[in-house]
Amino acid sequence: QIPRSQDYTINRDIGNDFDKIVEGLAEGLSFEEVKGNMTFERVNEKQAESFYNQILVQLPTLFGKDAIVIPQVVLANKVKTGKVDANGNPIYIKLAGSIDLMVVQTDGSVFPVDLKTSWTSIDNPKYWDPKFANPVGPGSMFYDASKPQSLQQKLTKKQKHGIQVNLYQRLLENSGYDIYGKNTNAENVPMSLHYMITLNKDETGIESYSYDDIKSH
(Lines give C-alpha, C1' and ligand atoms only; values in the text may rest on other atoms or scores of the structure.)
Protein backbone atom coordinates (compact mmCIF):
# COMPACT_ATOMS: atom_id res chain seq x y z
CA GLN A 1 0.00 0.00 0.00
CA ILE A 2 1.40 3.40 -0.97
CA PRO A 3 1.83 5.77 2.01
CA ARG A 4 -0.77 8.52 1.78
CA SER A 5 1.97 11.17 1.71
CA GLN A 6 3.37 9.65 -1.52
CA ASP A 7 0.07 8.67 -3.12
CA TYR A 8 -0.66 12.05 -4.68
CA THR A 9 2.95 12.66 -5.73
CA ILE A 10 3.28 9.39 -7.64
CA ASN A 11 -0.06 9.79 -9.42
CA ARG A 12 0.76 13.43 -10.25
CA ASP A 13 4.16 12.50 -11.69
CA ILE A 14 2.64 9.76 -13.86
CA GLY A 15 -0.12 12.10 -14.98
CA ASN A 16 2.46 14.76 -15.90
CA ASP A 17 4.35 12.23 -18.04
CA PHE A 18 1.15 11.33 -19.89
CA ASP A 19 0.39 15.04 -20.28
CA LYS A 20 3.78 15.60 -21.96
CA ILE A 21 3.05 12.84 -24.46
CA VAL A 22 -0.40 14.19 -25.34
CA GLU A 23 0.95 17.74 -25.51
CA GLY A 24 3.72 16.74 -27.89
CA LEU A 25 1.35 14.76 -30.07
CA ALA A 26 -1.11 17.67 -30.27
CA GLU A 27 1.80 19.88 -31.36
CA GLY A 28 2.57 17.46 -34.18
CA LEU A 29 5.81 16.16 -32.67
CA SER A 30 7.14 12.70 -33.35
CA PHE A 31 7.80 10.37 -30.43
CA GLU A 32 11.53 10.89 -30.90
CA GLU A 33 10.95 14.60 -30.29
CA VAL A 34 8.56 14.01 -27.39
CA LYS A 35 10.87 11.69 -25.48
CA GLY A 36 13.51 14.41 -25.27
CA ASN A 37 11.26 16.12 -22.68
CA MET A 38 10.79 13.01 -20.54
CA THR A 39 12.86 11.47 -17.73
CA PHE A 40 11.23 7.98 -17.84
CA GLU A 41 11.36 7.77 -14.03
CA ARG A 42 7.69 6.81 -13.61
CA VAL A 43 6.80 5.79 -17.17
CA ASN A 44 9.47 3.89 -19.09
CA GLU A 45 10.29 4.57 -22.74
CA LYS A 46 8.47 1.51 -24.09
CA GLN A 47 5.28 2.42 -22.21
CA ALA A 48 5.56 6.04 -23.30
CA GLU A 49 5.90 5.09 -26.98
CA SER A 50 2.95 2.69 -26.69
CA PHE A 51 0.82 5.46 -25.15
CA TYR A 52 1.89 7.90 -27.87
CA ASN A 53 0.80 5.47 -30.60
CA GLN A 54 -2.50 4.77 -28.84
CA ILE A 55 -3.35 8.46 -28.44
CA LEU A 56 -2.35 9.08 -32.06
CA VAL A 57 -5.25 6.83 -33.09
CA GLN A 58 -7.63 7.81 -30.29
CA LEU A 59 -7.77 11.59 -30.60
CA PRO A 60 -9.35 11.69 -34.09
CA THR A 61 -11.74 8.91 -33.04
CA LEU A 62 -12.84 10.69 -29.87
CA PHE A 63 -13.12 14.26 -31.16
CA GLY A 64 -13.40 13.94 -34.94
CA LYS A 65 -10.68 13.89 -37.54
CA ASP A 66 -11.24 17.55 -38.45
CA ALA A 67 -11.12 18.86 -34.89
CA ILE A 68 -8.05 20.79 -33.77
CA VAL A 69 -6.56 19.84 -30.40
CA ILE A 70 -4.52 22.51 -28.63
CA PRO A 71 -2.54 21.41 -25.54
CA GLN A 72 -1.85 23.21 -22.27
CA VAL A 73 -4.01 26.30 -22.75
CA VAL A 74 -3.37 28.63 -19.80
CA LEU A 75 -6.27 30.84 -18.71
CA ALA A 76 -6.89 33.33 -15.90
CA ASN A 77 -10.13 35.14 -15.17
CA LYS A 78 -12.80 35.64 -12.55
CA VAL A 79 -15.96 33.61 -12.04
CA LYS A 80 -19.06 34.13 -9.95
CA THR A 81 -19.30 32.24 -6.67
CA GLY A 82 -23.09 32.38 -6.58
CA LYS A 83 -22.86 34.52 -3.43
CA VAL A 84 -23.46 38.24 -2.92
CA ASP A 85 -21.91 40.81 -0.60
CA ALA A 86 -23.73 43.01 1.91
CA ASN A 87 -24.76 45.38 -0.90
CA GLY A 88 -26.19 42.60 -3.05
CA ASN A 89 -23.33 42.62 -5.53
CA PRO A 90 -22.13 39.27 -6.88
CA ILE A 91 -18.93 37.94 -5.30
CA TYR A 92 -16.25 36.75 -7.72
CA ILE A 93 -13.13 34.69 -7.19
CA LYS A 94 -10.03 34.88 -9.34
CA LEU A 95 -9.09 31.59 -10.96
CA ALA A 96 -6.32 30.36 -13.22
CA GLY A 97 -5.77 26.99 -14.78
CA SER A 98 -3.98 25.04 -17.48
CA ILE A 99 -6.29 23.00 -19.68
CA ASP A 100 -4.70 19.73 -20.81
CA LEU A 101 -6.50 19.84 -24.17
CA MET A 102 -8.71 22.47 -25.76
CA VAL A 103 -10.68 20.93 -28.61
CA VAL A 104 -11.65 23.31 -31.41
CA GLN A 105 -14.55 21.96 -33.44
CA THR A 106 -15.17 22.63 -37.11
CA ASP A 107 -17.72 25.35 -36.25
CA GLY A 108 -15.08 27.22 -34.24
CA SER A 109 -16.52 26.40 -30.83
CA VAL A 110 -14.34 24.89 -28.12
CA PHE A 111 -14.48 22.69 -25.02
CA PRO A 112 -11.91 21.55 -22.44
CA VAL A 113 -10.65 18.01 -21.89
CA ASP A 114 -8.69 17.02 -18.80
CA LEU A 115 -6.46 13.95 -18.77
CA LYS A 116 -6.77 11.77 -15.65
CA THR A 117 -4.71 8.80 -14.48
CA SER A 118 -5.76 6.60 -11.57
CA TRP A 119 -5.43 3.07 -10.17
CA THR A 120 -9.22 2.79 -9.88
CA SER A 121 -11.72 2.80 -12.74
CA ILE A 122 -14.41 5.44 -13.08
CA ASP A 123 -16.84 2.50 -12.91
CA ASN A 124 -15.63 1.82 -9.37
CA PRO A 125 -18.03 3.17 -6.70
CA LYS A 126 -15.05 4.95 -5.11
CA TYR A 127 -15.18 7.32 -8.07
CA TRP A 128 -18.87 8.27 -8.02
CA ASP A 129 -20.59 6.95 -4.86
CA PRO A 130 -21.31 9.71 -2.27
CA LYS A 131 -20.42 7.36 0.58
CA PHE A 132 -16.78 7.59 -0.60
CA ALA A 133 -16.83 11.39 -0.77
CA ASN A 134 -14.15 13.29 1.16
CA PRO A 135 -14.27 16.72 2.81
CA VAL A 136 -12.72 19.54 0.79
CA GLY A 137 -9.56 21.20 2.10
CA PRO A 138 -8.15 24.73 2.24
CA GLY A 139 -7.90 26.19 -1.24
CA SER A 140 -11.23 24.79 -2.40
CA MET A 141 -13.92 27.30 -3.29
CA PHE A 142 -16.23 25.24 -1.05
CA TYR A 143 -13.96 25.39 1.99
CA ASP A 144 -15.39 27.19 5.02
CA ALA A 145 -12.66 28.23 7.45
CA SER A 146 -15.22 28.59 10.25
CA LYS A 147 -15.95 24.84 10.21
CA PRO A 148 -13.80 21.90 11.34
CA GLN A 149 -12.48 19.59 8.61
CA SER A 150 -15.03 16.89 9.44
CA LEU A 151 -17.91 19.27 8.67
CA GLN A 152 -16.58 20.58 5.36
CA GLN A 153 -18.49 20.00 2.12
CA LYS A 154 -17.90 16.43 0.90
CA LEU A 155 -17.29 15.72 -2.78
CA THR A 156 -16.71 12.53 -4.77
CA LYS A 157 -13.86 12.30 -7.27
CA LYS A 158 -16.44 12.51 -10.06
CA GLN A 159 -17.85 15.72 -8.60
CA LYS A 160 -14.35 17.20 -8.23
CA HIS A 161 -13.53 16.38 -11.84
CA GLY A 162 -16.83 17.85 -13.00
CA ILE A 163 -16.24 21.07 -11.09
CA GLN A 164 -12.73 21.35 -12.49
CA VAL A 165 -13.61 21.00 -16.17
CA ASN A 166 -16.73 23.16 -15.85
CA LEU A 167 -14.63 25.91 -14.28
CA TYR A 168 -12.31 25.58 -17.28
CA GLN A 169 -15.39 25.95 -19.48
CA ARG A 170 -16.37 29.17 -17.68
CA LEU A 171 -12.81 30.49 -17.97
CA LEU A 172 -12.90 29.82 -21.70
CA GLU A 173 -16.22 31.62 -22.06
CA ASN A 174 -15.09 34.59 -19.94
CA SER A 175 -11.91 34.81 -22.03
CA GLY A 176 -13.95 35.24 -25.21
CA TYR A 177 -13.98 31.69 -26.59
CA ASP A 178 -17.17 30.38 -28.20
CA ILE A 179 -18.40 27.40 -26.19
CA TYR A 180 -21.72 26.97 -28.01
CA GLY A 181 -21.87 24.43 -30.82
CA LYS A 182 -23.45 25.67 -34.03
CA ASN A 183 -24.59 22.19 -35.04
CA THR A 184 -26.19 21.33 -31.69
CA ASN A 185 -27.32 24.85 -30.78
CA ALA A 186 -26.26 24.06 -27.22
CA GLU A 187 -23.32 24.58 -24.92
CA ASN A 188 -20.48 22.14 -25.56
CA VAL A 189 -19.87 19.53 -22.87
CA PRO A 190 -16.50 19.53 -21.05
CA MET A 191 -14.87 16.12 -20.67
CA SER A 192 -12.28 14.14 -18.74
CA LEU A 193 -10.21 11.42 -20.42
CA HIS A 194 -9.34 8.55 -18.08
CA TYR A 195 -6.56 5.96 -18.03
CA MET A 196 -6.08 3.25 -15.44
CA ILE A 197 -2.58 2.53 -14.23
CA THR A 198 -1.06 -0.43 -12.39
CA LEU A 199 2.05 0.25 -10.34
CA ASN A 200 5.18 -1.90 -10.39
CA LYS A 201 6.20 -4.00 -7.37
CA ASP A 202 8.17 -1.27 -5.63
CA GLU A 203 5.39 1.24 -6.42
CA THR A 204 7.70 3.81 -7.98
CA GLY A 205 6.35 3.71 -11.54
CA ILE A 206 3.77 2.00 -13.70
CA GLU A 207 3.72 -1.66 -14.61
CA SER A 208 0.98 -1.18 -17.18
CA TYR A 209 -1.81 1.18 -18.21
CA SER A 210 -5.12 0.87 -20.04
CA TYR A 211 -7.73 3.21 -21.48
CA ASP A 212 -10.63 3.52 -19.04
CA ASP A 213 -13.21 5.84 -20.60
CA ILE A 214 -14.06 9.40 -21.52
CA LYS A 215 -16.50 11.15 -19.21
CA SER A 216 -18.83 14.05 -19.97
CA HIS A 217 -19.50 16.47 -17.11
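Residues numbered from 1 in each chain as written. Predicted model: local features only at pLDDT ≥ 70, side-chain atom pairs only at ≥ 80, totals over all residues. Heavy atoms only, no water.

K.L.:
Summarise the overall build of the protein chain; cite the residues concerned and give the values.
P.N.:
Within the protein chain, the secondary structure is distributed over five helices and nine strands. Ordering the α and β elements of the protein chain from the N terminus gives α-α-α-β-β-β-α-β-β-α-β-β-β-β. Compactness check: the protein chain gives a C-alpha radius of gyration of 19 Å against a globular reference of 17 Å for 217 residues, within 12% of the reference. By its C-alpha atoms, the protein chain is 60 × 45 × 30 Å across when sized along the principal axes. Per-residue burial over the protein chain gives 36% buried out of 217 residues. Expressed as a percentage of contacts within the protein chain between residues at least 6 apart in sequence, the contacts between residues at least 24 apart total 61%. Charge centroids of the protein chain, computed over 23 positive and 27 negative side chains, lie 9 Å from each other. (Helix = DSSP H or I, 4+ residues; strand = E, 2+ residues; numbered from the N terminus. Rg over C-alpha atoms; globule rule 2.2 N^0.38 Å. Buried < 20%, exposed > 50% of the residue type's maximum accessible area, 1.4 Å probe, protein only. Contact = heavy atoms within 4.5 Å. Lys, Arg positive; Asp, Glu negative; His and termini not counted. Charge placed at Lys NZ, Arg CZ, Asp CG, Glu CD.)

K.L.:
Report on the pattern of salt bridges, specifying residues and quantitative values.
P.N.:
Per the stated rule, a full pass over the model turns up nine salt bridges. Between lysine 35 and glutamate 32 there is a salt bridge, with the nearest N and O atoms lying 3.3 Å from each other. You can call lysine 35 partly exposed: its relative accessible area is 23%. One salt bridge in this structure joins aspartate 178 and lysine 182, with 2.4 Å as the shortest N-O distance. Given the relative accessible area of 48%, lysine 182 is considered partly exposed. Shared partners join several salt bridges into a network, and the residues in it are Arg12, Asp13 and Arg42. (Salt bridge = Lys/Arg side-chain N within 4 Å of Asp/Glu carboxyl O.)

K.L.:
Talk me through the sheet that holds strand S8 (residues 191-199); I want residue IDs and the actual numbers.
P.N.:
Judged by pairing direction, the sheet is mixed, and its five strands sit side by side in the order S1-S2-S3-S8-S9 without closing on themselves. Single-partner strands in this sheet number two, and they are strand S1 (68-84) and strand S9 (206-216). Each neighbouring strand pair of the sheet contributes to a mean axis angle of 35°, computed without reference to strand direction. Strand direction decides the pairing type here: strand S3 (residues 110-118) and S8, joined by six bridges, are parallel. Bridge assignment links serine 118 to a residue of S8, and that residue is methionine 196. This element, helix H3 (residues 45-63), spans S1, strand S2 (90-104), S3, S8 and S9 of the sheet and lies at about 15° to S9. Taken strand by strand, helix H5 (residues 157-174) contacts S1, S2, S3, S8 and S9, and its axis lies near 150° from that of S3. (Pairing = 2+ DSSP bridges. Axes fitted to C-alpha atoms, helices over the stretch in contact; angles between N-to-C directions.)

K.L.:
Could you give an account of the packing of aromatic side chains, naming the residues involved and the relevant values?
P.N.:
Tallying each qualifying case throughout the model produces eight aromatic pairs. Each ring, one from phenylalanine 18 and one from phenylalanine 51, has its centre 4.1 Å from the other, and the planes form 45°; the classification is tilted. Here phenylalanine 51 lies in helix H3 and phenylalanine 18 lies in helix H1 (residues 4-26), a separation of 33 residues in the sequence. Judged by its relative accessible area of 0%, phenylalanine 51 is buried. On the basis of an interplanar angle of 65° and a centroid distance of 5.5 Å, the ring pair of tyrosine 195 and tyrosine 211 is categorised as edge-to-face. Of the two residues, tyrosine 195 is situated in strand S8 and tyrosine 211 in strand S9; the sequence distance between them amounts to 16 residues. (Phe/Tyr/Trp six-rings, centres within 6.5 Å; stacked < 30°, edge-to-face > 60°.)

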